[in-house]
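# Breakdown of the fold
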Amino acid sequence: MPENKATILVVDDEAHVRKLLQQILGDAGYNIITASTGHEAFEKISSSNDIDLVLLDIIMPGIDGFKTLELIRAQSDTPVIMITGLGEVSPLQFSFNLGADDYIKKPFRAKELLARIDAKVRRSKD
Amino acid sequence: MGEPYFLFYQIAMLLSLLASLIVIALTWRYRKAHGAGAMIALAVATFVWALGFLLEANSDTLERQLFFNNIGYLGSMSVPVAWFVFALHYTNGNRLLAGWKVAPFCIIPLVTVILVWTNNLHHLMWYNEHLITSGPFTVTAKNYGTFFWIALVNNYSLIVAGAIMLVRRLFVGAPLYARQAVSLLTAISLPLLWNIIFIFNLVPLPRKDLTPVMFAISGIAMALGLIRFNLFRAVPFAREFLIQQLSEGIFVFDMRHRLIEANPAALVTIGADRSIIGKNIEYLSQFSPVLKQLPIKESKYTELSLTVSGEERFYDLATMPIHNDHNQQVGWLTVLHNVTERKRQELEYKTIIQTTADGFWLADMQGRFLDVNDAYCKLVGYSRSELLKMRISDIEAIEKQDETIKRIANIKKNGKDRFETRHRHKDGRINDVEVSVNYVEVSGGRMFVFIRDITEHKKLQEQLLAQNQLASIGELTAGVAHELNNPLAGIVGFSELLLKRDLPADIKTDLDIINSEAERAAKIVDHLLTFARRQPADKRPTAINEIISKTLELRAYQQKLDNIRTITHFAPDLPEIMANAFQLRQAFLNIIINAEFFMIEAHGKGTLSIRTEKTGEFVRASFTDDGPGILPENMTRLFSPFFTTKEVGKGTGLGLSICHGIISEHGGRIWAESQYGKGATFTVELPVIKTGNEPGEDNNKQR
């Protein structure tokens, strides 16, 4: 499915999670950019217009997912999907308040992940 | 035959002189005493009189006899004046005739002395003076002139007046001093009587005045009075003065229940004047309720209240027997002590201890209760009379008896103490109390103790602690679960990726197991999270300012002890938030306690400012302390479970992570800002309640 061509920014402090996502999404035909901190993610979004979607981890050292989301929303409408190991719903509700578009719980199944991403990407491209 | 009589006469006069000198010497010791001056003057005058007589008797010419006779006049004219003044002092009539008011009584004696020395010019005192021989004596015979009789009448008047005063004293005054008065009366009346006999020739004796012999006797009587009856040492004058000045009312009754003395304070109290003195108590009690209550059969202390000039006053009444030197009872003394002021203070003290909501004790240093108030009776369920039979150790529920004894010793040393302990209720319940003691050094030491019931306060604290512990477990589980989810994501994800590859079947089977087992682990974690999640909290529209205020109330007492000042800047009219008040209070409490801890650790005190405001769709509360601040490297881990910079045992590392959990659960967020060394600010944002949740509705409203 290389025809997708959309570019996804993966933000997670854990290298193996970044690698896993890179592999799953790469196999699905997406272009992947990664960032290991909130700052890095924000810089990459600011300097590039090609990013179609952000996968954002919530619990990160430095500025966390929420703060990063806030920074992003201050200047961009790019869809953001939150990824979290927190089983609870409320942080996610809070993310919606801040402008998140969806969330995915860890651990995730590739199918579910791709389904949600595809849906968002398709809608934003429409 | 004449010789022995002459000798006797001489000896008598010498004795008289000697007696006068003794009286002077004895009295001199007490010269400062009331009336002693007059006594000395009396003795000196007597001495001069007797000396004049002695020298006259030993002279053989008319001129010499007349000269010494004139000297004698100096004494004889002074004696009545000195006597009168003495009697005035001794009977306290001196209040009527003091100082220069006595001067008029000196005029006639003074004129007499002048006339005596100038008799040759006018013969007003005597005439036709010539020597005659009478028995063994050669004496001057003379006819008395007009003024002699004037002087005589004056002298007798003064002497009789003084005598009457003393006699009155004998019968209506204090019988205690009767014997002194008798000795004085004897002393003065002997020379007087003899003088009368001599002048009017009532007894046929040698034509010689034996007055000096009488002087000798009277001098000895006086000296005896002084020595035997402590004329001045008993200091009746000083006592009298004291009694007059005393603010206590004093009544003296004799054995027949007659009122023989009452001082001004006593008279004012019963509203009477001196005319009641001398009256019988049965008669007097018709007029005065006080006198009706005077018990004069036995020693007794009573209290009574009287209305004096329109206001109620309280008196302590003490009646006791009076004894003389020989231990015979001579009367009753009743002292009326005005205790109105003391009663008023007692009433104030009682009102204070009964008004306070705290319990109160007055206890001695053995731990016995001397007084307790109603609030304390209620606190421990014992009645006042039960408690007054008990000791501190009977209700103290924590300390052992020797610990209590040790504490009491410390209180005595330091003057005060303040501590928490527990007191046992009569029904066995245990109350938490805060005790505040002040030691007062009276009657062997007294402890003034206020006891505050802090049972409810403690219960609330413990409840919070338990909630915190429960929340901690939840937080721990959530933290562990989260940490597990990351690796599980790797296992599930990568095994899934591998399964898509072209791999030998047996490897695929194993991979499948890895994948499904990881999925199973993920499910367990998920269950754990569901289990650990705080019960879906019952959330209601809540005012954040109110919650913060309530939280601060919980800390107010401890903050006062720890020198923590809190300043609040609450924005008025903040919109309400959807929240569980208890959870939020717990979150704020953790933030506040954390701030307090670090401020106290850094400089033993601190100021915490709390500000609330509205920012967009959120209500924001910020807590700024002036503690040590947060190291930059610790900033990221602040809200992680088990992260703490407190010493081992001082913190679990869960407080702020619980806060984080609660705030997140409320759809809010919490973060910290700090410049290391300059304190820290923790900010909590919570979403304002929206009127409707559908975005469309929202948009409509905005348009």
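Whatever comes next refers back to the structure up there.
Before going into details, it helps to say that this report is about the structure given with it. (Residues numbered from 1 in each chain as written. Chains lettered and ligands numbered in written order. Predicted model: local features only at pLDDT ≥ 70, side-chain atom pairs only at ≥ 80, totals over all residues. Heavy atoms only, no water.)

A word on the sheet that holds strand 11 (residues 430-440) of chain B. Residue and element names in this part refer to chain B. Taken together, the five strands give an open sheet; going across it, the order is 9-8-12-11-10, and neighbouring strands pair in antiparallel fashion. If you trace the sheet from one side to the other, it starts and ends with strand 9 (369-372) and strand 10 (416-424), each paired once. Across the sheet, the mean angle separating the axes of adjacent strands is 25° when strand polarity is ignored. Here six bridges tie strand 8 (residues 359-364) to strand 12 (residues 446-453), and the two strands are oriented antiparallel to one another. Directly across from Ala363, in strand 12, lies its bridge partner Met447. (Pairing = 2+ DSSP bridges. Helix = DSSP H or I, 4+ residues; strand = E, 2+ residues; numbered from the N terminus. Axes fitted to C-alpha atoms, helices over the stretch in contact; angles between N-to-C directions.)

Counting residues at the interface gives 27 residues for chain A, matched by 31 residues for chain B. Buried surface at the junction of chain A and chain B, both sides included, amounts to about 2600 Å², of which 57% is carbon and sulfur. Across the chain A-chain B interface, the total number found is three salt bridges. A salt bridge links Arg669(B) to Glu70(A), with the nearest nitrogen and oxygen atoms 2.9 Å apart. Put simply, chain A and chain B have seven residue pairs in polar contact (both at pLDDT 80 or more) between them. For the side of chain A that touches chain B, the secondary structure elements donating two or more residues are helix 1 (15-27), helix 3 (65-73) and helix 4 (90-98) of chain A. Top element by residues in the side of chain A that touches chain B is helix 1 of chain A. It accounts for seven residues. Counted by class, the side of chain A that touches chain B contains eleven nonpolar, seven polar and nine charged residues. (Contact = heavy atoms within 4.5 Å. Buried area = accessible area lost by both parts, 1.4 Å probe. Salt bridge = Lys/Arg side-chain N within 4 Å of Asp/Glu carboxyl O. Polar contact = N/O pair within 3.5 Å; in protein donor to acceptor, adjacent residues only side chain to side chain. Nonpolar A, V, L, I, M, F, W, Y, C, P; charged D, E, K, R; others polar.)

All right, on to the sheet that holds strand 17 (residues 618-625) of chain B then. All names here are of chain B. One open sheet accounts for five strands, arranged 14-16-17-19-18; its pairing is mixed. The sheet is open, and its two edges are formed by strand 14 (564-569) and strand 18 (669-674), each paired on a single side. Within this sheet the neighbouring strands show an average axis-to-axis angle of 15°, counted without direction. Sheet analysis places strand 16 (residues 606-615) next to strand 17, joined by eight bridges and oriented antiparallel. Bridging from a neighbouring strand, Thr612 pairs with Ala621 of strand 17.

On inspection of all chains with the given rule, the structure shows 15 aromatic pairs over all chains. Aromatic pair Phe84(B) and Phe105(B): ring centres 4.9 Å apart, planes at 45°, arrangement tilted. Within this pair, whereas Phe84(B) is found in helix 3 (residues 62-90), its partner Phe105(B) is found in helix 4 (residues 104-117), the two being separated by 21 residues in sequence. Grouped by ring-pair contacts, the aromatic residues Tyr349(B), Phe360(B), Phe448(B) and Phe450(B) constitute a single cluster. The ring of Trp671(B) has Lys67(A) lying over it, and the distance from NZ or CZ to the ring centre is 5.8 Å. (Phe/Tyr/Trp six-rings, centres within 6.5 Å; stacked < 30°, edge-to-face > 60°. Lys NZ or Arg CZ within 6 Å of the ring centre and 35° of its normal.)

Bringing the nonpolar core into the picture now. Residue and element names in this part refer to chain B. By size, the foremost hydrophobic cluster in this structure holds 48 residues, and its most contacted members are Leu42, Tyr73, Trp83 and Met125. Element by element, the count of residues in this core is highest for helix 3, at twelve residues. Counting 36 residues, the second largest nonpolar core, distinct from the first, contains Ile547, Phe623, Ile658 and Ala680. (Core = buried A, V, L, I, M, F, W, Y, C linked by side-chain atoms within 4.5 Å. Buried < 20%, exposed > 50% of the residue type's maximum accessible area, 1.4 Å probe, protein only.)

Below, the discussion takes up the pairing of strand 10 of chain B. Consecutive side chains along a regular strand alternate between the two faces of the sheet. Residues and elements named next belong to chain B. As paired strands, strand 10 and strand 11 are joined by nine bridges and run antiparallel to one another. When the sheet's bridge partners are listed, Arg418 is paired in strand 11 with Ser436. Two successive antiparallel strands, strand 10 and strand 11, enclose a turn made up of five residues, where Gly428 displays a positive phi of approximately 95°.

Another point: the pairing of strand 5 (residues 102-105) of chain A. All names here are of chain A. Of the two faces of strand 5, the one lined by Asp102 and Ile104 is fully buried and the one lined by Tyr103 and Lys105 carries no buried residue. As judged from the four bridges shared by strand 4 (residues 80-84) and strand 5, these two strands associate in the parallel manner. Looking at the pairing, Met82 lines up with Tyr103 of strand 5.

This part is about the packing of helix 21 (residues 581-603) of chain B against helix 23 (residues 655-665) of chain B. All names here are of chain B. Close contact between helix 21 and helix 23 brings their axes to 9 Å; oriented N to C, the two are set at 145°. Considering how the two elements wind past one another, helix 21 and helix 23 form a crossing that is left-handed. Contacts between helix 21 and helix 23 involve Gln583, Leu584, Gln586, Ala587, Asn590, Ile591 and Asn594 from the former and Gly655, Leu656, Ile658, Cys659, Ile662, Ile663 and Glu665 from the latter. In terms of residue class, the contact of helix 21 with helix 23 is made up of eight nonpolar, five polar and one charged. (Left-handed = near helix turned anticlockwise from the far one by under 90°.)

All names here are of chain A. The set of residues buried in helix 3 consists of Gly65, Phe66, Thr68, Leu69 and Ile72. Viewed end-on, helix 3 has its buried residues packed into an arc of 160°, placing them on one side of the element. Measuring from the backbone nitrogen of Phe66 back to the side-chain oxygen at the start of helix 3 gives 3.2 Å, which picks out Asp64 as the cap. (Arc of directions from axis to C-beta.)

Let us now look at unusual backbone geometry. Here the bond from Lys106(A) into Pro107(A) is cis, since omega is -10°, no more than 30 degrees from zero. Positioned with a positive phi, His123(B) is a non-glycine residue whose angle comes to about 55°. Of note, His123(B) is situated in the loop between helix 5 (119-122) and strand 1 (126-134). Classification of His123(B) by relative accessible area gives partly exposed; the value is 35%. With phi around 55°, Asp573(B) is a residue other than glycine that occupies positive phi space. By the secondary structure assignment, Asp573(B) is in the loop between strand 14 and strand 15 (577-579).

All names here are of chain B. Here the structure, examined in full by the defined rule, presents 29 salt bridges over all chains. Taking the shortest distance from any N to any O, the salt bridge between Arg342 and Asp316 comes out at 3.5 Å. Linking Arg342 in helix 13 (residues 340-355) with Asp316 in strand 6 (residues 311-323), this pair joins segments that are 26 residues apart in sequence. Taking the relative accessible area as the measure of exposure, Asp316 reaches 22% and is therefore partly exposed. In this structure, Glu517 and Arg520 form a salt bridge, with 3.4 Å as the shortest nitrogen-oxygen distance. Residue Glu517 and its partner Arg520 are both found in helix 19 (residues 505-532); the two are separated by three residues, about one turn of the helix.

Let us now look at the side chain of Glu434(B). Residue and element names in this part refer to chain B. Structurally, the position occupied by Glu434 is in strand 11. Separated by 2.7 Å, the side chains of Glu434 and Arg418 make a polar contact. Looking at Glu434, its side chain comes within polar contact range of the side chain of Tyr557, at 2.6 Å. Each residue touching Glu434, except ones within four places of it in the same chain, is listed here: Arg418, Phe419, Glu420, Phe450, Ile451, Arg452, Ile454 and Tyr557.

Attention now goes to the environment of Lys614(B). Residues and elements named next belong to chain B. Tracing the backbone shows Lys614 in strand 16. On the basis of relative accessible area, Lys614 is assigned to the partly exposed category, the value being 45%. What Lys614 contacts, discounting residues up to four positions off in sequence, is Leu574, Pro575 and Val688. Within the structure, Lys614 has its side chain in polar contact with the backbone oxygen of Gly616 (distance 2.9 Å).

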